[in-house]
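# Notes for the structure review
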Amino acid sequence: MDEPALIRDAQRGDLDAFNRLVLAYQDALYNTALRILSDEDLAADATQEAFLSAFRALNSYRGGSFKAWLLRTVTNACYDELRRRKRRPTAPLEPESDDGEEMDSPSWLADPSASPEEQLDQAELEHAIQHCLDALPTDFKTVVVLADIQGLDYTEAARAARVPLGTLKSRLARARLRLRECLQAFWELLPTAFRLEGERGA
Amino acid sequence: MKTTFRDIERLSAYLDGQLPQAEKTRLESRLAADPALAAALEELRQARAILRRTPQRRAPRNFTLTPKMAGIRPPVPRAAPVLSWASAVAMLLFVCTLGANLLGQFSFGAAAHMEAAAPAHGIGGGPVEEAQVVTEAPLDSANAVTPTPKSLLLTAPEPTAEPDARAAEPPQEKARQSVSPWLVVWPSLAALLLGAALLTRWVSLQAFKKKAEKK
């Protein structure tokens, strides 16, 4: 994919060129929105909204990482969504059981002692990470999603999160510290191979 | 030595290779001497390792934009600058024609009725101004057809002034019997313009759709 050429064509109003960029980056934007909003439907809405506003604001893109530029639009869309949700909360924050009653803790957190040998599968690992991310303030969650999950470097992540570099460093450090504490509860359940990888320093 | 939050910030940046060389050297010598600091670095490294392993979901659907979503409209046909006014002109002609047509049909009966009604109305003590308008009615067929309040009587004739003038010029009997050629020409012109405008629009829309499907 010749990204610069596609971006140039898209900037001239070529929707086909833009849609090829959409296909290339939709997973990254959707995953970012999903981690920040913790809701599949809202994440899909934010992703769509982000691509729409990206197309409209395409002429304001002035080089640099296009992925970081797109992630900035999806971060904005997520913040808009969170503001809307704050104004009129529609769903309980705790998951509901089948009979509609709120549960104290989701079933996937229910019994960590069941089997120490049992390995967390991908879904459980994802749930554990999301659970710990949700415990963070949004600003901290955003920087850690951009830097550690999406792999942006400091400069790109700071641009995408619209914060100065110093703020980014500080928030990232704090977020990692708190996530480490939260993930501690799941640590024993992580696959042995993964633990070794983590200890070796990924 | 106690690990401060400033240390955690340094360790986090160190982990990402974002620490200036001088600070990096200083931190490394502290790490060698301080097991608590080394443990903190290890914890941050583990947190980052887990986050990097976050399972990536596939997008639940494609988020490509349609021309409609992107607000791209079909191109305006080349003849459009002229034809975009065609429907407005057609409407104006239609209204004028309709007015003139109605006048042609009803002016005779209405005029006779008004002539008869005028004296009675005047004797009845109606407003003087209205009575004056009514007595003038037989001369001006436009006024005669509508027994409306004065304000309307004064404004209504304006758009139809031309046909009225034509109708009023020849003797009244002749004007009522012969159909003015404008009554035929105007509606035809209006229909023609409207048809042309719609056809051009439709053809251009079809071409746009065809092009969009091809893509």
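Everything below is about the structure shown above.
Attention here is on the structure that accompanies the text. (Residues numbered from 1 in each chain as written. Chains lettered and ligands numbered in written order. Predicted model: local features only at pLDDT ≥ 70, side-chain atom pairs only at ≥ 80, totals over all residues. Heavy atoms only, no water.)

### Overview of the overall build of chain A
Tallying secondary structure elements over chain A gives 9 helices and 0 strands in all. Reading chain A from its N end, one meets helices and strands in the order α-α-α-α-α-α-α-α-α. Of the contacts made within chain A by residues no fewer than 6 positions apart, 61% connect residues no fewer than 24 positions apart. Of the roughly 10,200 Å² of accessible surface on chain A, a fraction of 47% belongs to carbon and sulfur atoms. (Helix = DSSP H or I, 4+ residues; strand = E, 2+ residues; numbered from the N terminus. Contact = heavy atoms within 4.5 Å. Areas by Shrake-Rupley, 256 points an atom, 1.4 Å probe, with all protein chains shown as cover.)

### Observations concerning the state of the cysteines
Residue and element names in this part refer to chain A. Counted according to the given criterion, the structure contains 1 disulfide over all chains. In this model, Cys132 is linked to Cys182 through a disulfide, with the two sulfur atoms separated by 2.0 Å. Disulfide Cys132-Cys182: torsion about the S-S bond near -80°, hence left-handed. Of this pair, Cys132 sits in helix H5 (residues 122-134) while Cys182 sits in helix H8 (residues 165-187), and the two are 50 residues apart along the sequence. Judged by its relative accessible area of 2%, Cys132 is buried. (Disulfide = S-S within 2.5 Å. Buried < 20%, exposed > 50% of the residue type's maximum accessible area, 1.4 Å probe, protein only.)

### Regarding the interface of chain A and chain B
On the chain B side, the residues contacting the 49 residues of chain A number 38 residues. For the pair chain A and chain B, the summed buried area comes to about 4,300 Å², and 61% of that belongs to carbon and sulfur atoms. Counting the surface chain A buries against chain B, the share from its top three residues, A:Gln48, A:Arg176 and A:Arg180, is 14%. Across the contact surface, chain A and chain B share 4 salt bridges. Between B:Asp16 and A:Arg176 there is a salt bridge whose closest N-O contact spans 3.0 Å. At the boundary of chain A with chain B, the tally comes to 16 residue pairs in polar contact (both at pLDDT 80 or more). At the level of secondary structure, the elements contributing two or more residues to the side of chain A that touches chain B comprise helix H2 (15-37), helix H3 (40-56), H5, helix H6 (138-149), H8 and helix H9 (192-200) of chain A. No other element matches H2(A), which puts 12 residues into the side of chain A that touches chain B. Residues belonging to the side of chain A that touches chain B are distributed by class as follows: 24 nonpolar, 11 polar and 14 charged. (Buried area = accessible area lost by both parts, 1.4 Å probe. Salt bridge = Lys/Arg side-chain N within 4 Å of Asp/Glu carboxyl O. Polar contact = N/O pair within 3.5 Å; in protein donor to acceptor, adjacent residues only side chain to side chain. Nonpolar A, V, L, I, M, F, W, Y, C, P; charged D, E, K, R; others polar.)

### Looking at the nonpolar core
A:Phe18, A:Phe51, A:Phe66, A:Val144 and B:Leu11 are the most contacted members of the largest nonpolar core, which totals 80 residues. If you tally residues by element for this core, the top one is H2(A), at 12 residues. Setting aside chain neighbours within four positions, we find A:Phe51 in contact with A:Phe18, A:Val22, A:Tyr25, A:Gln26, A:Leu29, A:Leu70, B:Phe63 and B:Leu65. Counting residues in each nonpolar core, the second largest holds 5 residues, with B:Ala90, B:Leu93, B:Trp186 and B:Ala190 among its members. (Core = buried A, V, L, I, M, F, W, Y, C linked by side-chain atoms within 4.5 Å.)

### Structural notes on the pattern of salt bridges
Within the structure shown, the criterion is met by 17 salt bridges over all chains. In this structure, A:Arg12 and A:Asp9 form a salt bridge, with 3.3 Å as the shortest nitrogen-oxygen distance. By relative accessible area, A:Asp9 is classed as partly exposed at 29%. Across the pair A:Arg171 and A:Asp139 runs a salt bridge, and its minimum N-O distance is 3.9 Å. Of the two residues, A:Arg171 sits in helix H8 while A:Asp139 sits in helix H6, which places them 32 residues apart along the sequence. Using a relative accessible area of 30% as the deciding quantity, one classes A:Asp139 as partly exposed. Because the salt bridges share partners, they merge into one network encompassing A:Arg35, A:Glu40, A:Glu126 and B:Arg57.

### Description of a nonpolar patch on the surface
Residues B:Met91, B:Phe94, B:Val95, B:Leu98 and B:Leu102 make up a contiguous nonpolar surface patch of roughly 470 Å² in combined accessible area. By the secondary structure assignment, B:Phe94 is in helix H6 (residues 86-123). (Patch = residues over 30% accessible without salt bridge, like charges linked within 9 Å, V, L, I, M, F, W, Y side chains within 5 Å.)

### Examining the environment of B:Ala36
All names here are of chain B. Looking at where Ala36 falls in the secondary structure, it is placed in helix H3 (residues 35-52). On the basis of relative accessibility, which here comes to 41%, the residue Ala36 falls in the partly exposed class. Sequence separation between Ala36 and Lys2 is 34 residues; the distance between their C-alpha atoms is 7.9 Å.

### A closer look at the packing of H8(A) against helix H1 (residues 5-15) of chain B
Two quantities define a packed helix pair, namely the angle between the helix axes and the distance between the axes. Viewed as axis vectors pointing N to C, H8(A) and H1(B) meet at an angle of 95°, and their least axial separation amounts to 9 Å. Viewed along their axes, H8(A) and H1(B) adopt a mutual orientation that is roughly perpendicular. Between H8(A) and H1(B), the contacting residues are A:Lys169, A:Ser170, A:Leu172, A:Ala173, A:Arg174, A:Arg176 and A:Leu177 on the first element and B:Phe5, B:Ile8, B:Glu9, B:Ser12 and B:Leu15 on the second. Residues that form the contact of H8(A) with H1(B) fall into these classes: 6 nonpolar, 2 polar and 4 charged. (Axes fitted to C-alpha atoms, helices over the stretch in contact; angles between N-to-C directions. Parallel < 35°, antiparallel > 145°, perpendicular 65-115°, else oblique.)

### Things to note about the packing of aromatic side chains
Tallied over the entire structure, the rule returns 6 aromatic pairs over all chains. Centroid distance A:Phe66 to A:Trp69: 5.6 Å. Interplanar angle 15°. Geometry classified as stacked. With A:Phe66 and A:Trp69 both in helix H4 (residues 66-87), this residue pair falls 3 residues apart, about one helical turn. The buried category is assigned to A:Phe66, whose relative accessible area is 1%. On the basis of relative accessibility, which here comes to 10%, the residue A:Trp69 falls in the buried class. By way of ring pairs, the aromatic residues A:Tyr25, A:Tyr61, A:Phe66 and A:Trp69 are connected into one cluster. Taking NZ or CZ as reference, A:Arg174 lies 3.9 Å from the ring centre of B:Phe5, over its face. (Phe/Tyr/Trp six-rings, centres within 6.5 Å; stacked < 30°, edge-to-face > 60°. Lys NZ or Arg CZ within 6 Å of the ring centre and 35° of its normal.)

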